[in-house]
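Here is how the chains run, residue by residue.
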Amino acid sequence: MFSQIESIIGAHNIIHATQARELYPCPSQSSRRIKGVMRPHTIEHVQAIVRWASEQGVKLYPLSTGRNWGYGGGSPVLDDCIIVDMAALKAIRGFDPELGTVTLEPGVSQGELYNYIEDYEHPYFCPVTGSSPQCSLIGNALERGYGVTPITDHFQGITEIKAVLADGSLYQGQLDQMGVASSKLSKWGVGPYVEGLFSQGNFGIVVEATIRLEPKTDHSIMVIFKPKENDHDFAEAVRVSKELMQTQKKVVSAVKLFNKAYSAALNSPLPRAEMEKPDFNVMNWLDDIGRKNNLPEWLGLIFIYGNDDIAHISAKECKRRLKPHCKAVTIIDRKKIGIIRLVKKVLPPLGLLKILKEQMDTVSASYDLLRGQPQSRFLKAAYWRAGTLPEKQKDYHPGKDGCGLLWFAPMLPMKGKDLLNFEAIAKDVCAQFGIFPVISMTTISEQCITALLPIMFDPATELEKAMACHKALFEACKKAHYLPYRAHIDAMDWYGEASNTNKSFEKALSQVKSEIDPNNLISPGRYQHSRKA
């Protein structure tokens, strides 16, 4: 079966089914039959694989680095696919130091681009997420991932795409195929925006993308705020944060919010002994640990960029406006970060000092993330419920390390009442299944904030209830109009169930798919509303 393609990409770049199944462990424990793995090293290899697959009648499932953690890892949506692992496509080319554009292949990770920028001393931010330095930039952008550096919406930062289509041909945009150099500078080009089909789609295999980078500012500041513990002041703190983003564009870049359960998971050990008791209650434990460790109901971060004067003026304005609605507002600039890091070094990891040291580590990592340096620190939370935590952060891999992780990430209006309503829904649903309602939120615009609820579970004993909790959250949030912006591989068809009356969206996608990929060769089932598609 593989002899023909072996002669083109090399037998050492093909892994057969018996060996392939263990290579892409899924943190959410969603098992798939995999026919094999192919590891192209060039765009021409990808084209050859697609042509071969078309002749053989086998389905392909492309991935970048396979770290789509809580959404299925590197597992395909449907069984019996061949994985096209593009981790070896690592070219970084065409960097324009004046305009800040750079062309990447899908295997380039956040850490690799960050090192490239630093090594050549280019004054630009690397677009990062809170995941890990080993995660693909292009893979994250195509899934509409987000971060906190000035270009928070990573797909918005893509200006040009090249993709291999199901017939093996190479798609290029209108201006790009005409050789127009400025095609890399404008996202929209000329004519219909076809490139949008490759974001959360299955219309081709993206092999190259050009992204624009934001110039580094002289200074970055975090404003940490703790809203007063009543609904009115929390809602007002959210309103003020939104207005600061609206009135100080490019300076106030993003807002993050963390509930008490998140703070507990990041800074306190799992209560294993208590959980074995028949009367253990998740919410009661969170209230108790919150009182013991003085954890706020909500913790907020505002990320600010600018030269020293502008950044400090903006930070003081944030503090002035937030103060009436908060128990505390703290401005963290590079000077304070330096002090925090010095204190952290001398603190002994004992008792409450250990918790304080963990909190300092979180603040320090958040500041580095603000400066565009990829971090693994926040992935540590995935190990809270289960899994063996590696000694070195660079080795974190929730799939290989035995974690149980499903991500649920609904989009919410940037209004305090909606944020509180979602948390109430999450607490209610999670309590039914004994899941800790750990929630963080990140703005993707002044109007919209995305919540992230990691359903953490023990794969040995809690898989069934974790899956049930995931579905229950989807159904409860559907009623409140808070659906996720991104789907787990087991949830691709849930959206079809949610739109059971008007099928115009599905019909249009089906028509385009049948024209571009009539044999459903590439990523079958991915963002298709029928698992049999």
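Residues numbered from 1 in each chain as written. Predicted model: local features only at pLDDT ≥ 70, side-chain atom pairs only at ≥ 80, totals over all residues. Heavy atoms only, no water.

Asker: Which residues make up the overall build of the chain, and what are the values?
Answerer: Across its full length, the chain carries 17 helices and 17 strands. For the chain, the spread of C-alpha atoms along the principal axes amounts to about 65 × 60 × 50 Å. For the chain, the residues scored as buried account for 58% of the 533 residues in total. Considering only residue pairs separated by 6 or more positions, the chain has 72% of its internal contacts joining residues 24 or more positions apart. (Helix = DSSP H or I, 4+ residues; strand = E, 2+ residues; numbered from the N terminus. Buried < 20%, exposed > 50% of the residue type's maximum accessible area, 1.4 Å probe, protein only. Contact = heavy atoms within 4.5 Å.)

Asker: Any chance you could break down empty space enclosed by the protein for me, citing the residues and the numbers?
Answerer: Per the stated rule, a full pass over the model turns up four cavities of 30 Å³ or more. Approximately 140 Å³ is the volume attributed to the second largest cavity. For the lining of the second largest cavity, the secondary structure elements donating two or more residues are helix H5 (137-142) and strand S9 (205-212). For the lining of the second largest cavity, the element with the highest residue contribution is H5, accounting for three residues. When the residues that make up the lining of the second largest cavity are grouped by side-chain class, the tally is ten nonpolar, three polar and three charged. (1 Å grid on protein atoms, 1.4 Å probe; cavity = no way out; pocket = protein on both sides within 12 Å on 5 of 7 lines; lining within 4 Å. Points joined across faces, edges and corners; volume = space filled by probe spheres on them. Nonpolar A, V, L, I, M, F, W, Y, C, P; charged D, E, K, R; others polar.)

Asker: Summarise the packing of helix H14 (residues 416-433) against helix H15 (residues 463-479); cite the residues concerned and give the values.
Answerer: The geometry of H14 relative to H15 is characterised by a closest axis approach of 9 Å and an angle of 150° between their N-to-C directions. The orientation of H14 with respect to H15, classified from their angle, is roughly antiparallel. Crossing of H14 over H15 shows right-handed handedness. Between H14, through Phe422, Ile425, Ala426, Val429, Cys430 and Phe433, and H15, the contact on the second element is made entirely by Lys465, Ala468, Cys469, Ala472, Leu473, Ala476 and Cys477. (Axes fitted to C-alpha atoms, helices over the stretch in contact; angles between N-to-C directions. Parallel < 35°, antiparallel > 145°, perpendicular 65-115°, else oblique. Left-handed = near helix turned anticlockwise from the far one by under 90°.)

Asker: Run through the sheet that holds strand S7 (residues 158-164), naming residues and quoting values.
Answerer: The strand order across the open sheet built from five strands is S5-S6-S9-S7-S8, with neighbouring strands paired in antiparallel fashion. Because the sheet does not close on itself, it has two edges, and the strands there are strand S5 (92-96) and strand S8 (170-171). Two elements, strand S6 (residues 101-104) and S9, share four bridges in a ladder whose sense is antiparallel. Each residue of the ladder has a partner; that of Leu104, found in S9, is Ala209. Across the sheet, helix H3 (residues 43-56) lies against S5, S7, S8 and S9, angled at about 145° from S9, the strand it touches most. (Pairing = 2+ DSSP bridges.)

Asker: So what's going on with the nonpolar core? Residues and values would help.
Answerer: With 78 residues, the main nonpolar core has Leu113 and Ile161 as its most contacted residues. In this structure Ile161 touches Leu142, Phe155, Tyr171, Gln172, Gly173, Glu195, Phe198, Val206, Glu208 and Ala209, once residues within four positions along its chain are discounted. Counting residues in hydrophobic clusters, the runner-up holds 61 residues, among them Val223, Ile304, Cys430 and Tyr482. (Core = buried A, V, L, I, M, F, W, Y, C linked by side-chain atoms within 4.5 Å.)

Asker: Can you break down the environment of Ile289 residue by residue, with the values?
Answerer: When you line up the elements, Ile289 lands in helix H10 (residues 282-293). Take Ile289: its relative accessible area is 14%, and that puts it in the buried class. Sequence separation between Ile289 and Ser268 is 21 residues; the distance between their C-alpha atoms is 8.4 Å. Among all residues touching Ile289, those that are not within four sequence positions of it are Ala264, Ser268 and Leu295.

Asker: Give a detailed account of the packing of helix H12 (residues 334-346) against helix H13 (residues 351-370), specifying residues and quantitative values.
Answerer: Running from N to C, H12 and H13 cross one another at 145°; their axes reach a closest spacing of 10 Å. Taken as a pair, H12 and H13 cross one another with a handedness that is left-handed. Residues Arg334, Ile337, Ile340, Arg341, Val343, Lys344 and Lys345 of H12 lie in contact with H13, whose contacting residues are Lys357, Met360, Asp361, Val363, Ser364, Tyr367 and Asp368.

Asker: Please provide a residue-by-residue account of H13, values included.
Answerer: Between the first and last C-alpha of H13 there are 29 Å, a value that for 20 residues agrees with the 28 Å anticipated at 1.5 Å per step. Where H13 is buried, its residues meet strand S10 (219-227), helix H8 (260-267), H10, strand S12 (298-306), strand S13 (326-332) and H12. Gly372 sits one or two positions beyond H13 and adopts a positive phi of about 85°. (Expected span 1.5 Å × (residues − 1).)

Asker: Tell me about the pattern of salt bridges, and name the residues and values.
Answerer: With the rule as written, the count across this model stands at 39 salt bridges. With its nearest N and O atoms 2.5 Å apart, the salt bridge here joins Arg93 to Glu208. Of this pair, Arg93 sits in strand S5 while Glu208 sits in strand S9; the two residues are 115 residues apart in sequence, bridging distant segments of the chain. Taking relative accessible area as the criterion, Glu208 reaches 8% and is therefore assigned buried. Of the charged contacts in the structure, one is a salt bridge between Asp288 and Arg291, with a shortest N-O distance of 3.9 Å. Pair noted here: Asp288 and Arg291 are both in helix H10, with a separation of three residues, about one helical turn. On the basis of relative accessible area, Asp288 is assigned to the partly exposed category, the value being 28%. Taken together, the shared-partner salt bridges in this structure form one network comprising Arg93, Glu105, Glu160, Lys162, Asp176, Lys184 and Glu208. (Salt bridge = Lys/Arg side-chain N within 4 Å of Asp/Glu carboxyl O.)

Purely geometric numbers; function is a separate question.
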